[in-house]
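# A structural walkthrough
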Amino acid sequence: MDPIRIAIIGIGKIARDQHVPAIRGNNAFSLAATVSPHDGGLTGVPHLASLDALLAEGPAVDAVALCTPPQVRYDLAAQALAKGIHVFLEKPPGATLAEVEALKAQADKVDATLFAAWHSRFAAGVAPARAWLSERRIEKVSIIWREDVRVWHPGQAWIWQPGGLGVFDPGINALSIVTHILPRPFFLKEATLVLPENRAAPIAADLHFRDTGGALIHMDLDWRQTGPQSWDIIIETDAGTLKLAHGGAVLTLPSGTEHGEDVEYPGFTAVSPH
Ligand code: NAP
């Protein structure tokens, strides 16, 4: 079978760190082009300044991986789907749920794949955590997601702008895991957001949720952490405590600890259009 020809739209940090090596590491895919308005692209790969230019004069592609900031994602996805091109959406899949619903309907109409990539769900400890929790009664959940924004998001102006999500940009990784592993749905009861005076998105958030069985879920999200960083989820159950650390990579159950490898982005390449 011919490889699926992918263009990466938005050749920034995540594209370079993860998408390029994951595509190059799997013969089922080929990197057909890159698109970015200011970046020069990669040596030996056709590069265009916009999706318009790619569609008008670039090499043919079967799929696009949208690795731009979320604010421009809907228009790019709609434009690609209108040409019948399969679409991979980096997280968050859109600025609002309604945008994503509209894209789903559009993709269905043209029989194209729309893949919302919650990369943290592919972390090594997530599937075993979900299996273990499916048979437990959840008593209490604590999510501690504290990182240093200066280390992880230097120079990313978009992340502080409306639609950039601020500290929820990493926080939705935690939520993508917790919504996947907890056996019951849960909903927000109370939220306190900390907004810097000169920014349009929060730098910290303290959130209280409750699941449909009454279990309390607390989320401590903070971008002002210096020193050791925390991407931890601790779940107390009737059979003891589960801890997912390092963003889902390291799972500790009452029986012991399992250290997983970095399988998040290579894991996506097992999910191909149709
Ligand atoms: P980034 O380093 O700022 O890169 C964003 C890229 O998008 C830049 O190359 C920019 O191009 C390009 N871009 C902006 N508008 C565009 C448009 N209209 N058409 C084509 N390209 C456009 O951001 P990032 O950290 O890679 O994050 C991108 C997305 O991936 C975010 O939604 C983020 O949540 C998600 N993500 C990031 C990480 C991470 O660790 N960084 C992890 C997982 C997911 P120019 O530079 O040429 O202007």
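Parameters and conventions
- Starting from 1, residues in each chain are numbered consecutively following that chain's sequence as written.
- Restriction of local features to residues with pLDDT of at least 70 applies here, the model being predicted, together with a cutoff of 80 or more for giving and counting side-chain atom pairs; totals for whole chains, interfaces and linings are based on all residues.
- To get the side-chain values, all heavy atoms of the structure are used, and hydrogens and water are removed first.
- Domain extents, as shown, originate in an automatic or database domain assignment.
- We call two residues contacting when some pair of their heavy atoms lies within 4.5 Å.
- Once two parts are joined, some of their accessible surface, as seen by a 1.4 Å probe, is lost; buried area is that loss totalled over both.
- Should DSSP find at least two bridges between two strands, the strands are regarded as paired.
- The secondary structure listing takes helices from DSSP runs of H or I that are at least 4 residues long and strands from runs of E that are at least 2 residues long, numbered from the N terminus.
- Lines fitted to C-alpha atoms define the axes here, with helix axes fitted over just the stretch in contact, and angles between the N-to-C directions of these axes take values from 0 to 180 degrees.
- We call a set of buried Ala, Val, Leu, Ile, Met, Phe, Trp, Tyr and Cys residues a nonpolar core when their side-chain atoms join them within 4.5 Å.
- Whether a residue is buried, partly exposed or exposed follows from its accessible area with a 1.4 Å probe, protein chains only, as a fraction of its type maximum: under 20%, in between, or over 50%, in that order.
- A molecule or strand has a residue near it when one of that residue's heavy atoms lies within 4 Å.
- The term polar contact refers here to a pair of N or O atoms within 3.5 Å; inside protein, the definition further demands a hydrogen-donor-capable atom paired with an acceptor-capable atom, and it admits residues adjacent in sequence only when both atoms are side-chain atoms.
- Values of accessible area rely on a 1.4 Å probe in the Shrake-Rupley scheme; residue burial ignores everything except the protein chains shown.
- Gly falls in the polar group here, along with every residue not listed as nonpolar (Ala, Val, Leu, Ile, Met, Phe, Trp, Tyr, Cys, Pro) or charged (Asp, Glu, Lys, Arg).

This part takes up the domain arrangement of the protein. Splitting the protein by domain gives domain 1 (4-117) and domain 2 (124-260). Between the C-alpha centres of domain 1 and domain 2 the distance comes to 27 Å. On the domain 2 side, the residues contacting the six residues of domain 1 number 12 residues. The largest per-residue losses of area from domain 1 upon contact with domain 2 belong to Lys13, Gln71 and Lys91, which jointly make up 59% of the total buried on that side.

Turning our eyes to something else, we now look at the sheet that holds strand E12 (residues 240-245). Taken together, the eight strands give an open sheet; going across it, the order is E8-E9-E10-E7-E11-E12-E13-E14, and neighbouring strands pair in mixed fashion. The open sheet has two free edges, formed respectively by strand E8 (186-194) and strand E14 (256-259), since each of these has just one partner strand. Strand after strand, the sheet turns through a mean of 10° between neighbouring axes, direction not considered. The pairing of strand E9 (residues 204-211) with strand E10 (residues 216-222) spans seven bridges and is antiparallel. Pairing of histidine 208 across the sheet is with histidine 218, part of E10. With respect to the sheet, helix H5 (residues 126-133) is in contact with strand E7 (138-146), strand E11 (230-237), E12, strand E13 (250-253) and E14, its orientation differing from that of E12 by roughly 160°. Along the sheet face, helix H7 (residues 168-181) touches E7, E8, E9, E10, E11 and E12 and points at about 155° away from the line of E7.

Ranked by internal contacts, the top residues of the largest apolar core, which has 37 residues, are Ile143, Leu182, Ile233, Ile235 and Leu242. Listed by contribution, the elements that provide at least two residues to this core are H5, E7, H7, E9, E10, E11, E12 and E13. Among the elements that make up this core, the one with the highest residue count is H7 (six residues). Residues within four places of isoleucine 235 in sequence aside, it is in contact with Leu133, Ile138, Lys140, Val141, Ile181, Leu182, Gly240, Thr241 and Leu242.

This paragraph deals with the site of the ligand. Not every one of the 25 residues close to the ligand is listed here, only the nearest: Ile14, His38, Arg73, Gln156 and Asp169. Take isoleucine 11: an N or O atom from its main chain is 3.4 Å from an oxygen atom of the ligand. A distance of 2.9 Å is found between an oxygen atom of the ligand and a backbone nitrogen or oxygen belonging to lysine 13. Considering the ligand on its own, with 900 Å² of exposed area, one finds that the protein chains cover 81% of that surface. Tallied by class, the residues present in the shell around the ligand amount to 12 nonpolar, seven polar and six charged.

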